[in-house]
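Breakdown of the fold
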Amino acid sequence: MAWLRTPSIGLALGGGAARGLAHLGVLEVLEEAGLRPACVAGTSIGALIGGIWATTGTAEAAIDKTQAFVTSPDYRKAELEYLSKAKLGQPSGWAAMIARAMRQGVFYSRTFLNQSFVSQESYRHNIEHLLPDVAIEDLRVPFAAVAADLLSGESIVFRRGSLRQAVSASGAVPGVMPPQVWDGRLLSDGALVDKIPARALLSMPVDVIVGVDVSTELASAPNMKRGLEIITRANQVTEWNLRHARKVLCDVMVRPRVQHVNWLNFITARPAIGLGRDAMESALPELRRRIREARVRALIGRSRIQLARRMYRRGWFGQPPIEV
């Protein structure tokens, strides 16, 4: 009977660069609690961590693989390490980080003549060392990666095809990582359209959606005396509103306290794993309550997810993404 079945969990892993290592801690706690996600959707670093977890099988194996890579000679860290050591402060989001880097001249010489700060070769090298050459449909769990089409503005959700290709597109942060050409489209960071990819889970067999947000909150407004500062602030406001619009789709929101973690320094970001654990452990009572509610709703035929799916199909959460 439906009410006897344990409701399935869908995990929406958001973007946040090195801060996204907190996702590994979240996955570890869920596994220990016997609440292994049935489906995973990821944006940017969330897609990468979700892909590593889906191919390794456990959070422990995913942590080992990630840590082994970022500390190995194969990790071509020179380009990102240069940015991580630049005195950029603690910017609130990619837009602020890039703006500060531009003010220091860090980006000018590389991005004036090239598509991105990190070369296509280095980006491909890193992805190939972290992910096997497998099809998404062959993974242990249903998986989705969200990317943005820079030409049409549409949200692209990869549910099949090359895992490497999907994750590369989802993580192509504008100006930092190179955009990816796919089927006549120019794909970039999924955070541009879905900072927390909960929408992608509405088309997957889940009953409870857990969102993990590793981005920063909207900081107090600085003295905006220059045009670049105003542009940066406008981007932050847009991102903040988009993130909150997506949160309504989540039954449980997990927010690891990773604001102090350097966006670009993966080697020193290991504490983020523990912060992810702390946040998920704090959210476990709420998650268990939501699971109980989902079981009752299944019994009486009034699932919150079913309602959200109807609203989604009617365009309440924006233009539905293109699913491939």
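Preceding this section is the structure that the text describes.
Residues numbered from 1 in each chain as written. Predicted model: local features only at pLDDT ≥ 70, side-chain atom pairs only at ≥ 80, totals over all residues. Heavy atoms only, no water.

1. Brief notes about the pairing of strand β7 (residues 208-212)
The buried count for β7 comes to 5 of 5 residues, which makes it a mostly enclosed element. Covered by surrounding structure in β7 are Val-208, Val-210 and Val-212 together with Ile-209 and Gly-211, the residues of both alternating faces. With 3 bridges connecting them, β7 and strand β8 (residues 252-254) associate as parallel partners. Each residue of the ladder has a partner; that of Val-212, found in β8, is Val-254. (Buried < 20%, exposed > 50% of the residue type's maximum accessible area, 1.4 Å probe, protein only. Helix = DSSP H or I, 4+ residues; strand = E, 2+ residues; numbered from the N terminus. Pairing = 2+ DSSP bridges.)

2. A few points about the environment of Gly-16
The residue Gly-16 is located in the loop between β1 (9-13) and α1 (22-32) in this model. Separated by 29 residues in the primary sequence, Gly-16 and Ile-45 place their C-alpha atoms 6.4 Å from one another. Leaving out residues up to four positions away in the same chain, Gly-16 has contacts with Ile-45, Val-214 and Trp-263. (Contact = heavy atoms within 4.5 Å.)

3. Brief notes about the nonpolar core
By size, the foremost hydrophobic cluster in this structure holds 69 residues, and its most contacted members are Leu-11, Phe-158, Val-254, Met-280 and Leu-287. With 9 residues, the top contributor of residues to this core is helix α10 (residues 271-300). Ignoring any residue separated from it by four or fewer positions in sequence, one finds Leu-287 in contact with Ile-9, Leu-30, Leu-35, Val-208, Val-210, Val-252 and Met-280. Core analysis: the next-biggest nonpolar cluster, separate from the first, contains 20 residues, Cys-39, Ala-144, Leu-201 and Ile-305 among them. (Core = buried A, V, L, I, M, F, W, Y, C linked by side-chain atoms within 4.5 Å.)

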